[in-house]
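Next come the chains, spelled out residue by residue.
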Amino acid sequence: MKPRVRFAPSPTGELHVGGARTALFNWLFARKHRGVFVLRFEDTDIERNRPELVEPILESFRWLGILWDEGPYFQSQRFALYREYAERLLREGQAYRCYCAPEELEQKRTQAMAAKRKPKYDGHCRNLSSEEQKRYEAEGRKPALRIKAPQSGMTIVEDLIRGHVEFDNTELDDFIIFRSDGRPTYNFAVVVDDVTMGITHVIRADEHLNNTPKQIFIYEALGYALPQFAHVPMVLAKDRTKLSKRHGATAVFEFRDRGILPEALVNHLARLGWSCGDQEIFSREELIEKFSLESVNPAAAIFDDEKLLWLNHHYIKTGDPRRLGKLVRTFAVRRGFLTEAEAGKIPEERWAAVVDFLKERKRTLLELAEGALPFLTDRLNYDPKVVEKFLTADKATLLQEIAEILQAMSEQNFRAAVLEERVRIHLESQGRALKEIAQPCRVALTGVTTGPGLFETMEFLGKAWVIARLKRAIEKIQGVGSPAR
RNA sequence: GUCCCCAUCGUCUAGAGGCCUAGGACGCCGGGCUUUCAAUCCGGCAACACGGGUUCGAAUCCCGUUGGGGACGCCA
């Protein structure tokens, strides 16, 4: 039988990396076993629900390349179905109406906690007589539906990752499966959906392990076979707590906007709690081929930004420069480094070339976009501190001499090796070292102190820009022209 | 508080009783290369949480402790 798995986010926030990792494991499992990956939105909570978040979540998945085979389904469109199943349980005596008011329940819960007991429903409405029911109805109370949970024995969860987990049924209570306002609760809707959608493997985050015995009660009451369960460890922030806003970037979109490549994030997420020998770099195909739930580490994992950056850099170094060039272009425009019109004037090959030129020292698309600027436009942003340090008065003569030498060179000779030879010969004749002038030159040409080799930089910039920028720097040193430039 | 889960370098992990003087990766430190910064190469620091068992032998099995996480809603 082909496995059917699902990822079921609730549209109450953006897709964060923890959810993305759970979805990835589901997706990998489905792909590996030629099964079906279903996407389902659990939006039964009308108050907290934000429909405008659905599309961004879908977009996050598209960006990651985690594409669903079925759905998205919406629980909010399936209320009639849940009602049908709930009524069946009521009819069969597996569920009952509870008239207790939320405030009363809340009070009992608080009391139990204070008395250091586990808060449990006391079964007040479990065996109500029809007279009592009528009295409550007459009071205008709207009943919720509770399941009649077993009051003794054990419920066993056989988990593909955790193994054999036992729950004492006395720990569980008659929980609500249907609210008084006619909407199902989470645990109930999940089971009805998983049953009706034919889900064979429930792969979800660890935090749901405690919900599993409750859901098993529902499977049993409904008379359906259990799926396989696999509870994957959580992804924690650096401080070992659940990932949240205060931890900085946690949403998938935030990584995208920082210039992280989807293949890097997928690779990193896959390696969080899972491994395969000593391998670190995995293509999508390798992940599908090698992934297995059995080799998922049960311990929670901490999201490590540094390793993600290392992976991202790897994919920048080894990726197709044309594709990366397009991504950098989009990035530069989105960030306002260039206008769309300016970007449009730069040929595609130039974008690819600049990526290729800078990729060894840029770890993100953002760094690439920033660093590419001096090679794409004739605008230079000199850092005043850098200018002060390197474009000093004693360098003016030498810069001038170099400018003259370069001016005399043909376009055809404007190649790194030739440039280096000419400059070195001149320096030698003057008894000067390259070291003295290399950094001032670089600053003159790019405005920054780091980058590819000086002569490669000259070649890449081309004769016209090199000469112009050297002249501009010399003027700067001599105080000619606007210092505000 | 109660229940459930988890526990190897700072981080991700390898490890299914002898192959472990605990391996790899990121990061960090030092060095080579070099006009800078990277990339790259070489080297280094760094962990079995603790205590009891079981066994000829334990990172590995069992129990306990500690620590961390999660759950305990008419949230999901």
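A brief report on the enclosed structure follows.

About the thresholds
- Residues numbered from 1 in each chain as written.
- Chains lettered and ligands numbered in written order.
- Predicted model: local features only at pLDDT ≥ 70, side-chain atom pairs only at ≥ 80, totals over all residues.
- Heavy atoms only, no water.
- Axes fitted to C-alpha atoms, helices over the stretch in contact; angles between N-to-C directions.
- Helix = DSSP H or I, 4+ residues; strand = E, 2+ residues; numbered from the N terminus.
- Parallel < 35°, antiparallel > 145°, perpendicular 65-115°, else oblique.
- Left-handed = near helix turned anticlockwise from the far one by under 90°.
- Contact = heavy atoms within 4.5 Å.
- Nonpolar A, V, L, I, M, F, W, Y, C, P; charged D, E, K, R; others polar.
- Near = heavy atom within 4 Å.
- Polar contact = N/O pair within 3.5 Å; in protein donor to acceptor, adjacent residues only side chain to side chain.
- Buried < 20%, exposed > 50% of the residue type's maximum accessible area, 1.4 Å probe, protein only.
- 1 Å grid on protein atoms, 1.4 Å probe; cavity = no way out; pocket = protein on both sides within 12 Å on 5 of 7 lines; lining within 4 Å.
- Points joined across faces, edges and corners; volume = space filled by probe spheres on them.

Moving on: the packing of helix 9 (residues 262–270) against helix 11 (residues 305–318). Two elements in contact, helix 9 and helix 11, have axes whose closest approach is 8 Å; the angle formed by their N-to-C orientations is 135 degrees. Of the possible angle classes, the one that applies to helix 9 and helix 11 is oblique. In this structure, helix 9 crosses over helix 11, and the sense of that crossing is right-handed. On helix 11, the residues that touch Glu263, Ala264, Leu265, Asn267 and His268 of helix 9 are Lys307, Leu308, Leu311, Asn312 and Tyr315. Residue classes in the contact of helix 9 with helix 11 are distributed as 5 nonpolar, 3 polar and 2 charged.

Okay, the protein's contact with RNA strand B next. The immediate surroundings of RNA strand B are formed by 66 residues, with Thr44, Arg179, Gly273, Glu360 and Arg361 found nearest. Each atom of RNA strand B within 4 Å of the protein was classed as base or backbone; sugar and phosphate made up 70%. Take Arg442: an N or O atom from its side chain is 3.0 Å from a base oxygen of RNA strand B. Here a base oxygen of RNA strand B and a backbone polar atom of Gly453 are 3.4 Å apart. Elements represented by at least two residues in the surface near RNA strand B include exactly helix 4 (102–114), strand 7 (163–168), strand 12 (301–302), helix 11 and helix 19 (434–446). The biggest single contributor to the surface near RNA strand B is helix 11, with 5 residues.

This paragraph deals with helix 2 (residues 54–64). Inspection of helix 2 places Val54, Ile57, Leu58, Ser60, Phe61, Trp63 and Leu64 among the buried residues, and these make up the whole buried set. At the exit of helix 2 stands Gly65, carrying a positive phi of roughly 80 degrees.

Moving on, we come to the layout of surface pockets. Reported here for the largest pocket is a volume of approximately 1,200 Å³. Forming the walls of the largest pocket are 42 residues, and the residues nearest its centre are Pro9, Ser10, His16, Glu207 and His208. Mapped by element, the contributors of at least two residues to the lining of the largest pocket are strand 1 (4–7), helix 1 (17–32), helix 6 (186–196) and strand 9 (201–205). Element by element, the count of residues in the lining of the largest pocket is highest for helix 1, at 4 residues.

Geometry only, nothing functional implied.
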